[in-house]
Amino acid sequence: MDIIRVEGGHALAGAVHVSGAKNSALKLMAATLLAPGVTTLTNVPNISDVHVMGKVLKRMGATIEVVDEHSLAIDTSAVDSWEAPYELVAKMRASTAVMGPLLGRFGCAKIAMPGGCNLGARKIDMHILGLEALGVEFDTDHGYIHASAPQGLSGTTVTLEFASVGATENLIMASVRAEGTTVIDNAAREPEIVDLANMLNEMGARITGAGTPVVQIEGVDELHPVTHRVIGDRIEAGTFIVAGALAAGPEGIEVTGFSPAHLGMVLKKFELMGIDVERTDEGVRVHRARGIRPVDIQTLPFPGFPTDMQAQAMVLSALAEGSSVITENIFENRFMFASELVRMGADIRIEGHHAMIHGVDGYSGAQVTSPDLRGGAALAVAGLIAEGYTEVSAIHHIDRGYEHFVEKLCALGAHVERVAVPDPIDD
Ligand code: EPU
């Protein structure tokens, strides 16, 4: 069992380069199923979620050559199975992203039902309703969803009840091969969706409007393999920006490898909090010369404040000179992190989907547990300025989405190490 141990109080300096976006790479990997042949993805993050998606594709008959640490050549010509098995879907819900491309290419898919996760129930009803409108028939048994389109997929207008990222992506990936035109109304607008649409268009798809609430897809007969570079990870960037806002020395730190436009609302809120964020050609330079001002935040679909930055923002808010409220509108269960931060001295009260935060003077290092991916990273970041040592356990969550997290923090001057500790239950 590994933990991350952080010794607080060391100023950060220098630059950190973020990896490719997890939530883009996973969907782009799934989308390679649509184009028989070898698609090469570059700037792929070397994280455990990517390894799981690799296993999902291999189980279906794809072969994957690791060209270098960040480039994968995925050959989907010999895919002859359409199943995402339970052990992989249970490990990573994003495995369900293969449903759209399998339906687009083969007209059928068998996907283990994802069940709940530590962010809440996380249903996929909108994926299913949208695909049904395209002509897909669904059946469930023994924990699996069987999807088939005996008459083929036919384009129509799908209005999503909520701008779901996953539903928008599955619908785009299915409808690129549908007969006629599909319109997705109230589509999600996240930058990862634009990246997906860009790659599909490079493959020969005809998608317009990605990044707006109305996406139009004109079906085509075939897609061809391409080489595509994954966009930089805005959430990893945001996490390091919070680290800089908390712990950077007088020169600040530079965070590169992503587009600041993908973090518009986050940077705006951080600037209101008194953090200096200077846009550079490569990313941003961040530093803070004053106390943190309390600012209310609510999470919303893009271009609103991302739920994936909520925990990291709370680390800042909990040290503000005053009180603030963070409202979580996307996931029903994303405040587990707050109770861990309270163990480090924060003053936070949760009421439904609101967190009432009263700023405190500082954190005190403690043993804490990663509740999920972003919460785990946020706890390690809080440890950077905590008094004494912070030990974060359950760091497999962090490994899902942050490449070389400890090494990147150390390169900035933090005192952080990954330590193997015996499981106390075995004593
Ligand atoms: N929802 C439904 N029914 C559906 C689909 C979604 O009720 O059919 C609900 C979900 O339960 C959730 C909300 O709608 O409460 C938003 O879900 P959405 O579909 O937008 O999210 P997702 O596709 O499951 C992706 C990211 C998440 C990120 C969200 C929101 C991936 C692999 N995951 O999830 O990333 O938080 O969009 O931006 O792309 C993370 O990286 O840590 C992470 C959790």
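One can find the structure itself at the top, above this paragraph.
The shown structure was predicted, so the numbers you read here are calculated from the model rather than taken from an experiment.

### Comments concerning the pattern of salt bridges
Next up, step 1: Taken as a whole and judged by the stated rule, the model has 17 salt bridges.
Next up, step 2: Two residues, R279 and E271, come together in a salt bridge whose shortest N-O distance is 2.7 Å.
Next up, step 3: Using a relative accessible area of 43% as the deciding quantity, one classes R279 as partly exposed.

### As for the site of the ligand
Next up, step 1: In the vicinity of the ligand, 22 residues are found, and the nearest of them are D125, M126, S164, D308 and I330.
Next up, step 2: Contact distances for the ligand include 3.0 Å between an oxygen atom and a side-chain N or O atom of K22.
Next up, step 3: M126 places a polar main-chain atom, nitrogen or oxygen, 2.7 Å from an oxygen atom of the ligand.
Next up, step 4: For the ligand, the accessible surface in isolation is 820 Å², of which the surrounding protein chains cover 87%.

### Examining the sheet that holds strand β3 (residues 38-42)
Next up, step 1: Overall, mixed pairing links the four strands, which are arranged β4-β5-β3-β14 in an open sheet. A single partner strand is all that each edge strand has here, and the edge strands are β4 (63-68) and β14 (227-229). Across this sheet, the average inter-strand angle for adjacent strands is 20 degrees, counted without regard to direction.
Next up, step 2: Two strands pair when backbone bridges link them, and β3 and strand β5 (residues 71-75) are joined in this way by four bridges, in the antiparallel orientation. Note that in β5 the partner of T40 across the bridge is A73.

Criteria and cut-off values
- For every chain, the first residue of the written sequence is number 1, and numbering continues from 1 along that sequence.
- Reporting of local features is limited, given that this is a predicted model, to residues whose pLDDT is at least 70; pairs of side-chain atoms are given and counted only at 80 or more, and all residues count toward the totals for whole chains, interfaces and linings.
- Hydrogen atoms and water are omitted, and side-chain values are computed over all heavy atoms in the structure.
- Criterion for a salt bridge: a side-chain nitrogen of Lys or Arg within 4 Å of a carboxyl oxygen of Asp or Glu.
- Buried means the residue's accessible area, taken with a 1.4 Å probe over protein chains only, is under 20% of the maximum for its type, while exposed means over 50%, and partly exposed covers the values in between.
- Here, proximity means that at least one heavy atom of the residue falls within 4 Å of the molecule or strand.
- In protein, a polar contact requires one atom able to donate a hydrogen and another able to accept it; more generally it is a pair of N or O atoms within 3.5 Å, and residues adjacent in sequence count only if both atoms are side-chain atoms.
- A 1.4 Å probe and the Shrake-Rupley method give the accessible areas. Residues count as covered only by the protein chains that appear here.
- Note: two strands are recorded as paired if DSSP finds a minimum of 2 bridges between them.
- Here a helix means four or more residues in a row that DSSP labels H or I, a strand means two or more in a row labelled E, and each is numbered from the N terminus.
- Lines fitted to C-alpha atoms define the axes, with helix axes restricted to the stretch in contact, and inter-axis angles between N-to-C directions lie between 0 and 180 degrees.

Function cannot be read off these values alone, since they describe shape.
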